[in-house]
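Fold and contact review
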Amino acid sequence: MIWKAAKGWHMPCFRSLPMLKTASVSDILKLSDFCEDSVFGAYVMCRVEAYGLERSFAQTYLCVSDDGELVGVVSVLENNAVILANGLCDFEELSCFVDSSGFNTILTDEATAKKCGLKDCQIKDVLNFDLDDKYIEVSSEADSKKIYELFSSCFPESYPVEKDSYLSWLSDFMFRKNRGLARMKAVFGGKILCAAAVTGAEFEKAAVISSVGCRSDCRKTGCGKAVTLALAGELRSENKKVYVISKDNETVNFYHKLGFKNCGKAAYIERQ
């Protein structure tokens, strides 16, 4: 196996790992094809298109077989890794690479997590959108701070109330949004933000809806359904595959009712 990195040639301190080298622009088309049928690939390509291959905090590592076939990719953004690998990948080398890297968080599929021996995984359902129907039109713009505050009230662990957490989220979301790699949908009741949905990753072939939040006093009114269907429908109209990674059975049932279907399992590891 050959591992290519996004920042020059390196000889890492991994047991028996081969040399890492810079991924060239010629790799991107092959990488896009490799990533198009996976929720994890959507995250990888969104990062590549948003941040490129030359930033120290955003690196992409490719695993290539001896005959030149791309068989695995590790995307690292600020020490948070997303891994996508097929059955031809050398999982012993991949496991060695991951163990030696000390990533803060890792997102991959359940099978890859097991093959790499990753511990303390949170296993989550992966679903994709597969409903051809009419969609409710909602607003495509809303105040970013109000959206964050809404998500913080719904998901305090993922959206901490601290100012630094908001600014970090805002910087990444707006950076991607200004490059057509993120978007939002919102429903208002007068001037009150009732519900919102955003994509956490997009590229030309796929997108991930990362968060759907609804005010507690607006639940069971169809607001959450409206923003989700509007966002998923818009993405599907652009011929993108649409994914979500659920956090629990309740959200799985919510997405099932909207036309999403199970398509795999995700493993998420958060290290202290």
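Everything numeric in this text was worked out from a predicted model, so none of it was measured.

1. Describing the packing of aromatic side chains
- Counted by the stated rule, this structure contains 16 aromatic pairs.
- Here the aromatic rings of Tyr148 and Trp169 are separated by 5.5 Å at their centres, their planes lie at 50°, and the arrangement is tilted. With Tyr148 in helix 5 (residues 144–154) and Trp169 in helix 6 (residues 163–177), this pair connects stretches of sequence that are 21 residues apart. The same class applies to Tyr148 and to Trp169, which are both buried.
- Clustering of aromatic rings is evident, with ring pairs tying together Tyr148, Phe151, Phe155, Tyr159, Tyr166, Trp169 and Phe173.
- Looking at Arg179, its charged tip hangs above the ring of Phe175, at a distance of 3.6 Å from the centre.

2. Digging into the pairing of strand 5 (residues 80–85)
- The element strand 5 is extensively covered by neighbouring structure, given that five of its six residues are classed as buried.
- Bridge analysis of strand 4 (residues 70–77) against strand 5 gives six bridges, and the strand direction is antiparallel. What sits directly across from Val73, in strand 5, is Leu84.
- Counting the residues in the hairpin turn of strand 4 and strand 5 gives two residues, including Glu78, whose phi is positive at 50°.
- For strand 5 and strand 6 (residues 105–109), the ladder comprises three bridges, and the chain directions are parallel. By the bridge assignment for strand 6, Ala81 is matched with Ile106.

3. Describing the pairing of strand 6
- Along strand 6, five of the five residues are buried, which leaves the element largely enclosed by surrounding structure.
- Each parallel crossover has a hand, and the one from strand 5 via helix 3 (residues 91–101) to strand 6 is right-handed.
- In this sheet, strand 12 (residues 260–270) lies alongside strand 6 in antiparallel orientation, the contact comprising five bridges. Across the sheet, Leu107 pairs through a bridge with Tyr268, a residue of strand 12.

4. A look at the nonpolar core
- Leu31, Cys35, Val39, Phe40, Tyr43, Val44 and Val73 are the most contacted members of the largest nonpolar core, which has 33 residues in total.
- Going through the elements one at a time, helix 1 (27–35), helix 2 (39–51), strand 3 (58–64), strand 4, strand 5 and strand 10 (206–214) are the ones with two or more residues in this core.
- Top contributing element to this core by residue count: helix 2, with ten residues.
- Among all residues touching Val73, those that are not within four sequence positions of it are Leu31, Phe34, Cys35, Val44, Thr60, Tyr61, Leu62, Val82, Ile83 and Leu84.
- Within the second largest apolar cluster, 26 residues are counted, among which are Leu127, Val212, Leu258 and Phe260.

5. Concerning the confidence of the model for the protein
- For the protein, the average pLDDT comes to 87, and 89% of its residues sit at 70 or higher.
- Within the protein, the element-level pLDDT minimum falls on strand 1 (residues 2–5), averaging 42, and the maximum on strand 6, averaging 97.
- Low confidence marks residues 133–137, where pLDDT is under 50. Its contacts with residues over four positions away, or in another chain, come to six contacts.

6. Side note on helix 8 (residues 249–257)
- Regarding helix 8, the residues found buried are Thr251, Val252 and Tyr255. Along the axis of helix 8, the buried positions cluster into a sector of 105°, meaning they face one direction only. Set apart from the buried face of helix 8 by more than 90 degrees, the exposed residues are Asn249, Glu250 and Lys257.
- In this fold, the buried residues of helix 8 make contact with strand 7 (122–129), strand 10, helix 7 (223–237), strand 11 (241–245) and strand 12.
- With a side-chain oxygen positioned 3.2 Å from the backbone nitrogen of Glu250, the residue opening helix 8 is Asp248.
- Positive backbone phi, approximately 105°, marks Gly259, located one or two places after helix 8.

7. Let's talk about the state of the cysteines
- Within this structure, the stated rule accounts for zero disulfides.
- A disulfide-free cysteine, Cys116 has its sulfur positioned 7.2 Å from the sulfur of Cys89, the nearest such atom.
- Relative accessible area serves as the criterion here: at 5%, Cys116 is assigned to the buried category.

8. Describing helix 5
- Within the span of helix 5, buried status applies to Ser144, Ile147, Tyr148, Leu150, Phe151 and Ser152.
- Each element contacted by the buried residues of helix 5 is listed here: helix 6, strand 8 (184–189), strand 9 (192–202) and strand 10.
- Here helix 5 starts with a cap whose side-chain oxygen sits 3.1 Å from the backbone nitrogen of Lys145, and that cap is Asp143.

9. Description of the pattern of salt bridges
- Inspection of every chain in the model, using the stated rule, returns 14 salt bridges.
- The residue Asp217 makes a salt bridge to Arg215 at a minimum N-O spacing of 2.9 Å.
- Using a relative accessible area of 52% as the deciding quantity, one classes Asp217 as exposed.
- On the basis of relative accessible area, Arg215 is assigned to the partly exposed category, the value being 30%.

How each quantity is defined
- Residues numbered from 1 in each chain as written.
- Predicted model: local features only at pLDDT ≥ 70, side-chain atom pairs only at ≥ 80, totals over all residues.
- Heavy atoms only, no water.
- Phe/Tyr/Trp six-rings, centres within 6.5 Å; stacked < 30°, edge-to-face > 60°.
- Helix = DSSP H or I, 4+ residues; strand = E, 2+ residues; numbered from the N terminus.
- Buried < 20%, exposed > 50% of the residue type's maximum accessible area, 1.4 Å probe, protein only.
- Lys NZ or Arg CZ within 6 Å of the ring centre and 35° of its normal.
- Pairing = 2+ DSSP bridges.
- Right-handed = clockwise from strand over helix to strand, strands pointing away.
- Core = buried A, V, L, I, M, F, W, Y, C linked by side-chain atoms within 4.5 Å.
- Contact = heavy atoms within 4.5 Å.
- pLDDT = per-residue confidence, 0-100.
- Arc of directions from axis to C-beta.
- Polar contact = N/O pair within 3.5 Å; in protein donor to acceptor, adjacent residues only side chain to side chain.
- Disulfide = S-S within 2.5 Å.
- Salt bridge = Lys/Arg side-chain N within 4 Å of Asp/Glu carboxyl O.

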